[in-house]
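Overview (structure and organization)
The primary structure of each chain is shown beneath.
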Amino acid sequence: MLEIIKEPWPWYIAGPLIGLTVPALLIMGNKSFGISSSLRHICAACIPANVNFFKYDWKKELWNLFFVLGIFFGGMIAANFMLNPAEITVNPNLQAELAGYGITDYSNLVPMQLMSFTSLFTLRGFIMMVVGGFLVGFGTRYAGGCTSGHAIMGLSNLQWPSLVATICFMIGGFIMANLILPVILSL
């Protein structure tokens, strides 16, 4: 059984399981799925400032904080007890392309040449971690939610803004992966 959990699940198993969260949340009390809103709930709970954005009954969204906490602890358990000790399998064509950028370490889920404390002090690392993190946070706030909230919950509820946001996420992802990322990796 543990071997089944350690391996990646096929799309036809994982996809429906993720998709079933939508009706489950709606049945359990008209709850809306999304991760980015939990930061607002944490700030509303911890920062007693007189800011209108944080003046709401955050206790009604306590379930969301437990959900995010479960994601955190699930990730910790998976990283510490369920990691596959074998090297990450990467397509040979992608390996050859990444080797051209100096990325050859596949011992972790993310190559150490990209995401490590030492790479943070390089131009490439700073752009990827700090600037990228800022853009993700800004984009999430500007779009009114994250990809999981819009693409899973919003599209399931036939919300027009979620369709627009998801299309923009996809276009942005294609542009980033094919045009901008190669420039950043060559720095």
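Notes on the structure follow.

Rules used in this analysis
- Residues numbered from 1 in each chain as written.
- Predicted model: local features only at pLDDT ≥ 70, side-chain atom pairs only at ≥ 80, totals over all residues.
- Heavy atoms only, no water.
- Helix = DSSP H or I, 4+ residues; strand = E, 2+ residues; numbered from the N terminus.
- Buried < 20%, exposed > 50% of the residue type's maximum accessible area, 1.4 Å probe, protein only.
- Contact = heavy atoms within 4.5 Å.
- Lys, Arg positive; Asp, Glu negative; His and termini not counted.
- Charge placed at Lys NZ, Arg CZ, Asp CG, Glu CD.
- Axes fitted to C-alpha atoms, helices over the stretch in contact; angles between N-to-C directions.
- Parallel < 35°, antiparallel > 145°, perpendicular 65-115°, else oblique.
- Left-handed = near helix turned anticlockwise from the far one by under 90°.
- Patch = residues over 30% accessible without salt bridge, like charges linked within 9 Å, V, L, I, M, F, W, Y side chains within 5 Å.
- Areas by Shrake-Rupley, 256 points an atom, 1.4 Å probe, with all protein chains shown as cover.
- Salt bridge = Lys/Arg side-chain N within 4 Å of Asp/Glu carboxyl O.
- Expected span 1.5 Å × (residues − 1).
- Bend = angle between axes of the 7 residues up to and from the residue.
- Polar contact = N/O pair within 3.5 Å; in protein donor to acceptor, adjacent residues only side chain to side chain.
- Nonpolar A, V, L, I, M, F, W, Y, C, P; charged D, E, K, R; others polar.
- Core = buried A, V, L, I, M, F, W, Y, C linked by side-chain atoms within 4.5 Å.

Broken down by element type, the chain carries 9 helices and 0 strands. Starting at the N terminus, the α and β elements of the chain follow one another as α-α-α-α-α-α-α-α-α. By its C-alpha atoms, the chain is 50 × 45 × 35 Å across when sized along the principal axes. In the chain, which comprises 187 residues, the share counted as buried stands at 19%. Considering only contacts within the chain whose residues lie at least 6 apart along the sequence, 47% involve residues at least 24 apart. In the chain, the 8 positive side-chain charges and the 7 negative ones have mean positions that sit 21 Å from each other.

This part covers the packing of helix α8 (residues 147-156) against helix α9 (residues 160-185). Between α8 and α9, whose axes approach to 9 Å, the crossing angle comes to 135 degrees. On the basis of the axis angle, α8 is oblique to α9. Along this stretch, α8 crosses α9, giving a crossing that reads as left-handed. Here α8 contributes Thr147, His150, Ala151, Gly154 and Leu155 to the contact with α9, which in turn contributes Pro161, Ser162, Leu163, Ala165, Thr166 and Phe169.

On the surface, Leu155, Trp160, Leu163, Val164, Ile167, Ile171, Ile175, Met176, Leu179 and Ile180 cluster together into a nonpolar patch covering about 880 Å² of accessible area. When residues of the nonpolar patch are assigned to their parent elements, the largest contribution, 9 residues, is made by α9. Inspection of the secondary structure assignment puts isoleucine 180 in helix α9. Since its relative accessible area comes to 38%, isoleucine 180 is described here as partly exposed.

For helix α7 (residues 123-143), built from 21 residues, the straight-helix expectation of 30 Å at 1.5 Å per residue is met to within 8% by its first-to-last C-alpha distance of 28 Å. By the largest-angle criterion, glycine 132 marks the main kink of α7, which is about 30 degrees. Looking at the buried residues of α7, the elements they touch are α9. Downstream of α7 by a residue or two, glycine 144 has a phi angle that is positive, lying close to 75 degrees.

Here histidine 150 lies in helix α8. At 2.9 Å, the side chain of histidine 150 and the side chain of serine 162 are in polar contact. Those residues in contact with histidine 150 that sit more than four places away from it in its chain are Ala143, Gly144, Gly145, Leu155, Pro161, Ser162, Ala165, Thr166 and Phe169.

The next point concerns the packing of helix α4 (residues 37-46) against helix α5 (residues 62-81). Relative to each other, α4 and α5 sit at 115 degrees, their axes nearing to 9 Å. In terms of axis orientation, α4 runs roughly perpendicular to α5. Crossing hand, α4 versus α5: left-handed. On α5, the residues that touch Ser37, Ser38, His41 and Ile42 of α4 are Asn64, Leu65 and Val68. The class makeup of the residues in the contact of α4 with α5 is 3 nonpolar, 4 polar and no charged.

Counting 8 residues, the largest nonpolar core consists of Val90, Leu98, Ile103, Tyr106, Leu114, Met128, Ile184 and Leu185. Once residues lying within four places of it in the same chain are set aside, the contact partners of isoleucine 103 are Leu98, Pro111, Gln113, Leu114, Arg124 and Leu185.

Right, let's get into the environment of methionine 129. Here methionine 129 shows up in helix α7. Taking relative accessible area as the criterion, methionine 129 reaches 23% and is therefore assigned partly exposed. Setting aside anything within four residues of it in sequence, one finds methionine 129 in contact with Leu114, Met115, Ser116, Ser119 and Leu120.

In short, shape yes, function no, at least from these values alone.
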